[in-house]
Amino acid sequence: MNNNLPLDQIDTLVAVLKNEEVIAYPTEAVFGVGCDPDSERAVNRLLTLKQRPVEKGLILIASSFSQLTPYIDDSMLTQQQRDTVFSRWPGPVTFVFPAKSSTPRWLTGRFDTLAVRVTDHPLVIALCEAFGKPLVSTSANLTGLPPCRSTHEVQLQFGQDFPVLDGATGGRLNPSEIRDALTGELFREG
């Protein structure tokens, strides 16, 4: 266990999440902005902030696979496909799974699938564990601006008072790779 985790910050941000607000946090490569995936109000705030259409769908980031099972249907995966996914997790690879019929459209957009990732970033793991579920995760940047790679950059783009988990990214240069869990098709290079 990393004893250097900013537990006061994490507790504060969990309270912000429970208040249906949007936060920023470091991920493997860039800072992400996220919110409670079960709150349509919070997701709409995030979409408005990012000027992102709901039809595009979103990514969920989690500390464990079990946090994702309420949202995805992995019953269509063969053992080999499951082994492939788990061989890349935890880590900076996002997989697109069939979504459960109960998964809200504000997460899936126009798709019947949902992009999900089990992270290996210790701060995000601690945040998801403290929150008790995954977070919506999209890059922390305003339309037309580059993704933020530091707390300072988040504050420059989103304002000094924007709730942010102060910490370092995982040092990767590129955002997470995105693959189809069923076919292995590459949607985005990592």
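Residues numbered from 1 in each chain as written. Predicted model: local features only at pLDDT ≥ 70, side-chain atom pairs only at ≥ 80, totals over all residues. Heavy atoms only, no water.

Colleague: Help me get a handle on the layout of surface pockets, residues and values and all.
Modeller: A water-sized probe rolled over the atoms picks out the places where empty space is left. The computed volume of the largest pocket comes to approximately 600 Å³. The wall of the largest pocket is formed by 30 residues, among which Arg52, Leu58, Ile59, Ile178 and Arg188 lie closest to the centre. At the level of elements, β2 (31–34), α4 (105–108), β5 (113–118) and β6 (135–139) are the ones that each hand at least two residues to the lining of the largest pocket. Ranked by residue count, the leading element in the lining of the largest pocket is β5, at four residues. When the residues that make up the lining of the largest pocket are grouped by side-chain class, the tally is 13 nonpolar, 10 polar and seven charged. (1 Å grid on protein atoms, 1.4 Å probe; cavity = no way out; pocket = protein on both sides within 12 Å on 5 of 7 lines; lining within 4 Å. Points joined across faces, edges and corners; volume = space filled by probe spheres on them. Helix = DSSP H or I, 4+ residues; strand = E, 2+ residues; numbered from the N terminus. Nonpolar A, V, L, I, M, F, W, Y, C, P; charged D, E, K, R; others polar.)

Colleague: Outline the packing of helix α1 (residues 7–18) against helix α5 (residues 122–131), listing residues and values.
Modeller: Two numbers describe how α1 lies on α5: the axes approach to 10 Å, and their chain directions differ by 55°. It follows that α1 is oblique to α5 by the angle criterion. For the pair α1 and α5, the sense of crossing is right-handed. Between α1 and α5, the contacting residues are Ile10, Leu13, Val14, Leu17 and Lys18 on the first element and Ala126, Leu127, Ala130 and Phe131 on the second. (Axes fitted to C-alpha atoms, helices over the stretch in contact; angles between N-to-C directions. Parallel < 35°, antiparallel > 145°, perpendicular 65-115°, else oblique. Left-handed = near helix turned anticlockwise from the far one by under 90°. Contact = heavy atoms within 4.5 Å.)

Colleague: Tell me about the pattern of salt bridges, and please be specific about residues and values.
Modeller: Applying the stated criterion across every chain yields a total of nine salt bridges. In this structure, the salt-bridge partner of Arg45 is Glu21, at a minimum N-O distance of 2.8 Å. On the criterion of sequence distance, the pair formed by Arg45 in helix α2 (residues 40–50) and Glu21 in the loop between α1 and β1 (23–26) is long-range, its members being 24 residues apart. For the salt bridge of Asp36 with Lys133, the shortest nitrogen-to-oxygen distance reads 3.0 Å. Taken together, the positions of Asp36 in the loop between β2 and α2 and Lys133 in the loop between α5 and β6 put the pair 97 residues apart, joining distant regions of the chain. (Salt bridge = Lys/Arg side-chain N within 4 Å of Asp/Glu carboxyl O.)

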